[in-house]
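# Descriptive analysis of the structure
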Amino acid sequence: MTLTADTAPAVPRTNRSLASVVFVDGVRTPFGKAGGAYAETRADDLVVRVIRELLRRNPGLAPAEVDDVAIAAATQSGDQGMLLGRSAALLAGLPASVPGYSIDRWCAGAMTAVTTVAASVAVGTNDVAIAAGVEHMGRHPIGDGLDPNPRFLAERLVDPAALSMGATAENLHDQFPALTKQRADAYAAASQHRTAKAYANGLIQPDLVPMATRSAEHGWGLLTVDEPPRPDTTIEGLAKLRTPFRPYGRVTAGNSSGLNDGATGAIIAAEDVAIAHGLPRKMRMVTYAFAGVGPEVMGYGPVPSTQKALDHCGLTIDQIGLIEINEAFAVQVLAFLDHFGIADDDERVNPMGGAIAVGHPLASSGIRLMINLARSFERHPEVRYGLTTMCIGLGMGGTVIWENPHHPDYRPALDGSLAGAA
Amino acid sequence: MSAHVTVPPFPGEVVTQAHVRIIDLPGAGPAALITLDNGEDHSRPSTLGPAGLAALDAAIDEVAATSGLVAVAITGKPFCFLVGADLTGIGHVTERGAALAMARSGHAVFQRLTGLGMPSFAFINGAAMGGGLEVALHCDYRTISRGPGMIGLPEVFLGLVPGWGGAYLLPSLIGARAACEVIIRNPLNQNRLLKPEQALGLGVVDVAFDAADFLEESLRWAAGVVRGDIEVHRAEVDRGPAWQEAVAEARQWAAARTHGATPAPDRACDLIEAAASADRDAAFAAEDEALADLVMGDELRASLYSFDLVQRRAKRPRGVPDAALARRVTRIGVVGAGLMARQLAWLFLQRLEVPVHITDLDQARLDAGLGWVRDQIAEQAGRGRLSEREANRLRGLLTGSLSIADFAGADLVIEAVAEEIEVKQRVFADLEQVVEPTAVLATNTSSLSVTRMTEGLANPERVVGIHFFNPVAVMPLVEIARTPSTDEATLATAFTVARALKKSAILVKDAPAFVVNRLLMRFLGEIMRAVDEGTPVNVADRSLDPLGLPMTPVNLIALVGPGVAYHVAAQMHSQFPDRFYLSDNLRRLAESGRPSIYDWSTGAPVPDPEVMALFSIGRPAMGDPATEAEIRSRALAALADEVGRMLDEGVVAEVADLDLAMILGAGWPFWLGGMTPYLDRSGASVRVRGSRFLPPGVASVPA
């Protein structure tokens, strides 16, 4: 065994300032309901399947050329622990020379995996990396193993509701009385219907990798589509659901995402490297931002993070033609839309439906948003910019702004630098 | 029972269920996926008894009743496909009719996989043996996981034939020559199995996928086949004269190994031969008849008994103290650097990976011993079996010196010096001065009294016999001999070390030559007696051919070395002159330094004229020199007598330990059941002892 790296580039890139970063490709497992199809399937097996499919779909990229593997999980124990980024890379059959690490930013884990490896590519320390996220909420119930510091409550550092996500969603309804339960239910029903339509049009299936499901009682199965959607949902039906977080509250199982299992992954690369390897470029990263808000209204997080990201790159919300926002709760999406003056049923927002229908396996959802946006970019070459955004527990938001390579004005950064693309 | 299974469940059958799931075969349509799962973890692989067959039959009913399916596929629980028929149940089959029904039931159920009007797939996700592989062979297509699972048709190894379709389907798929490899040669070659890539190379399976997402990729491939996107190309099978030639060669090869002592290889050859032209129904009917005959034969029953000894009893030796009593062994001493000692040092080094120190009185011999071990390390590294890092580690652990004082700190010291009681006594007395009072002192003696070696020792309780067989790396047995003083901790340590060395150990009383050598010497004495009395060497030597032993007596003497053989024979003769014949001609051979009575220079065993010139051949006390049959009868009688004595003396706890010892220590074949089932079968035990060693049904067809 040789101890020297045999994958060093022929020409040293010592002088590269900022590289143009592209989203090469993304895939995900179908999402399952906690306790459902994946009840006896391991979390690491889910994300291993995603990594292998990414490499299979992109034969131009040799496994040894992957510079790093970042994998997110909100609960980092058991089959989501053991330095998941490294252990899943080994399980996926990547060579031992490929390093890996784990990432955690709760719901924005996969998004943070993407922005972190993208940053490493942008500054030129990596050429190609895999970012992924997984959450098996059936095996790892939300909050499992947490040990909150007693100071949080003793010193009133956070509202007691801050650790119950449903309660923070109720808080948002309180803060913005215009966000009614009726609007939330209508939005939720529309999410279900848009998802059903996207499935009918074959927009979701191409980026799903069928996953074998283990059941000791029933034998092996194969999950090929998301398990959670309820296409028959009606606003009337939603109105009858109980409000588990508060008597006479507004947040129900119907206008929130569920408890889900699933994994997502993406290849992130320097644009010139993607071109040189003949890899697809589905989106180009413009910028990203994370921002904090009060933990008791964590759903408001996407508002400041999106504003911050727009400010970074000098774009305005009017220039954003497509928005993929995670639907942890309908009310949190509505708060975002109201802030930016966008209608509840605007076709630019979650055109393929969202987490209320397909589910929200916490740390994996960020890349699902990107997969959807990439699909919509392909169908809408007239749109130049889009964004993916999501709220994060303990009061944060994350936003990534993307450029559409299918747009006629798009100019590839052939020398790899951002300046070349400007 | 079900429509196609006409046998009641075996008592206590661990039933392999067949779960049916309707899945979406991506881009192709709905398919039925059958999972075979006995509900146990990977340490207990799935097998098929009558209830398991009925479960599969019911699953196929369910598939047949589902409309609109485009394919049916069958796979196993995690890490295991299916390892064949439930052998534990065969002991319960007492009538040929039931054996025949079991054979027919397997065919009836498996054949349904091809009659469903849709393509059938087997996804071999792990071990697939015997009936397990046959299930897969009945399917139209096969995928295999590149994981660690092995596949094969080991039936002939046990004394059966692949009678659930394998003897017909496999040659039809891959040709007679390759099929003979899988069905005849591999089973008779230490039951060799195929790795996934080998199975792919032979054409047993159509495609191999990585283990990581084997099932998903198999389903994707199956969808491609169903859609017509993937075409499966298989090599044309040559049904010309080459077919019969291949079978004839295999038949001859097997006969040379077994001398007809087990009927299975011949029956399997018959079936493969007929597969060239027989139609499917006729071929399957012939398989049924062969299976029924063999199941009702004592050779198979003895084999199953042997299999159980090796699989179970060898892993849980009887009369062994709790392993928790064992002392930690982190440093080993080997006294002596001779041929046996250096092999022991290498084994300890390789398996325990702890410091191993060797001493010898002679610098040249010490250097030779150390050099030999280092050569072994280099050879293993050269063959890629050891990484350079591991090789460096082992080299660093090996030391040697001329001083026994350097054994201070050793937890276990084993001596392998000259087989002289005074020498060994002096070694142990010297060792006591250097090692801790709890260090285990072991002897590798093959024929001396361990008890006598403890005379005068302050701590005789830590002395134990650990008898290895030559060649040490290959022979799987060790005999652990306790003296009246050996304590539990010492015994537990010896067994724990044996297990770590990957040897099977049996507990024996400290008695002359323990088990294996005592029995071998007793019958070798009868062979040499016949030679001395005028029976031609070749005649005496082939007298035991009908047993199908791994080597003839004359070749066994050559393997052990005439010097060692004579030494042990002399030891035994001096103690029991009435029973252990001491051949003067064996002494002459040993003193001559010739390696064998035979000269192999022509490629065939011919009595070496130079050796024969040394021999002094006399005459029997009365009558003519003994014939083959007479010698065989005497040898078996001698064995039956000696076995009886060993049981009376309590050398081992049970007769099963003697059989296990002969299987693992002397390589005696499964179809003899080790030894006592054959002594019972041949009538020797009743003739000599007046009774059988084992009741009918234990290792024979029930009465």
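Keep in mind it's a predicted model, so treat the numbers as computed, not measured. (Residues numbered from 1 in each chain as written. Chains lettered and ligands numbered in written order. Predicted model: local features only at pLDDT ≥ 70, side-chain atom pairs only at ≥ 80, totals over all residues.)

### Here we look at the overall build of chain A
- When helices and strands are counted, chain A shows 13 helices and twelve strands.
- Relative to the globule expectation of 22 Å for 422 residues, the C-alpha radius of gyration of chain A, 21 Å, shows essentially globular dimensions.
- Dimensions along the principal axes, computed over C-alpha positions, put chain A at roughly 65 × 50 × 50 Å.
- Classification of the 422 residues of chain A by burial places 57% in the buried group. (Helix = DSSP H or I, 4+ residues; strand = E, 2+ residues; numbered from the N terminus. Rg over C-alpha atoms; globule rule 2.2 N^0.38 Å. Buried ≥ 20, exposed ≤ 12 C-beta atoms within 10 Å, placed from the backbone.)

### Quick look at the sheet that holds strand 4 (residues 80-82) of chain B
Residues and elements named next belong to chain B.
- The parallel open sheet is built from three strands, whose spatial order is 4-6-8. One side of each edge strand has no neighbouring strand; the edge strands of this open sheet are strand 4 and strand 8 (151-152).
- Relative to the sheet, helix 3 (residues 131-138) contacts strand 4, strand 6 (127-129) and strand 8, its axis offset from that of strand 6 by approximately 90°. (Pairing = 2+ DSSP bridges. Contact = placed C-beta atoms within 7 Å. Axes fitted to C-alpha atoms, helices over the stretch in contact; angles between N-to-C directions.)

### A word on the environment of B:Glu432
Residues and elements named next belong to chain B.
- Note on placement: Glu432 falls in helix 16 (residues 421-434).
- Linking Glu432 and His567, residues 135 residues apart in sequence, is a C-alpha distance of 28 Å.
- The residues contacting Glu432, other than those within four sequence positions of it, are Leu457, Ala458 and Asn459.

### Some remarks on the domain arrangement of chain B
Residue and element names in this part refer to chain B.
- Segmentation of chain B into domains returns domain 1 (17-296), domain 2 (323-509) and domain 3 (516-650).
- Using only C-alpha atoms to locate each centre, domain 2 and domain 3 end up separated by 31 Å.
- The interface is formed by five residues belonging to domain 2 together with seven residues belonging to domain 3.
- Looking at the side of domain 2 that touches domain 3, its residues break down into no nonpolar, two polar and three charged. (Domains from an automatic or database assignment. Nonpolar A, V, L, I, M, F, W, Y, C, P; charged D, E, K, R; others polar.)

### Some thoughts on the interface of chain A and chain B
- At the junction of the two partners, chain A supplies 16 residues and chain B supplies 16 residues.
- Looking at the side of chain A that touches chain B, the elements that each hand over two or more residues are helix 1 (43-57), strand 6 (211-213) and strand 7 (221-223) of chain A.
- If one sorts the elements of the side of chain A that touches chain B by residue count, helix 1 of chain A sits on top with three residues.
- Of the residues in the side of chain A that touches chain B, the class split is nine nonpolar, five polar and two charged.

### Thoughts on the packing of helix 5 (residues 166-174) of chain B against helix 6 (residues 176-188) of chain B
Residue and element names in this part refer to chain B.
- Between helix 5 and helix 6, the least distance of the axes is 7 Å, while the angle of their chain directions is 135°. With respect to each other, helix 5 and helix 6 are oriented oblique. When you trace helix 5 past helix 6, the crossing you get is right-handed. Two secondary-structure elements touch here, helix 5 through Ala167, Leu170, Pro171 and Ile174 and helix 6 through Ala176, Ala178, Ala179, Val182 and Ile183.
- Split by residue class, the contact of helix 5 with helix 6 holds nine nonpolar, no polar and no charged. (Parallel < 35°, antiparallel > 145°, perpendicular 65-115°, else oblique. Left-handed = near helix turned anticlockwise from the far one by under 90°.)

### A closer look at the pairing of strand 10 (residues 332-335) of chain B
Residues and elements named next belong to chain B.
- The alternating pattern of strand 10 places Ile332 and Val334 on one face and Gly333 and Val335 on the opposite face, and all of these are buried.
- What joins strand 10 to strand 11 (residues 356-359) is helix 13 (residues 339-352), and the crossover it makes is right-handed.
- Across four bridges, strand 10 lies against strand 13 (residues 412-415) in parallel orientation. For Val335, the partnering residue across the bridge sits in strand 13 and is Glu415. (Right-handed = clockwise from strand over helix to strand, strands pointing away.)

### Quick notes on the confidence of the model for chain B
- Scored by pLDDT, chain B comes out at a mean of 96, with 100% of its residues at no less than 70.
- With pTM at 0.94, the complex prediction returns an ipTM value of 0.93. (pLDDT = per-residue confidence, 0-100.)

### Topic: unusual backbone geometry
- With an omega of 0°, the peptide bond running from B:Asn470 to B:Pro471 counts as cis.
- Its location among the elements puts B:Pro471 in the loop between strand 15 (463-468) and strand 16 (477-482).
- Not every positive phi belongs to a glycine, and A:Trp106 is a case in point at roughly 45°.
- One can find A:Trp106 in the loop between strand 4 (100-103) and helix 3 (109-122).

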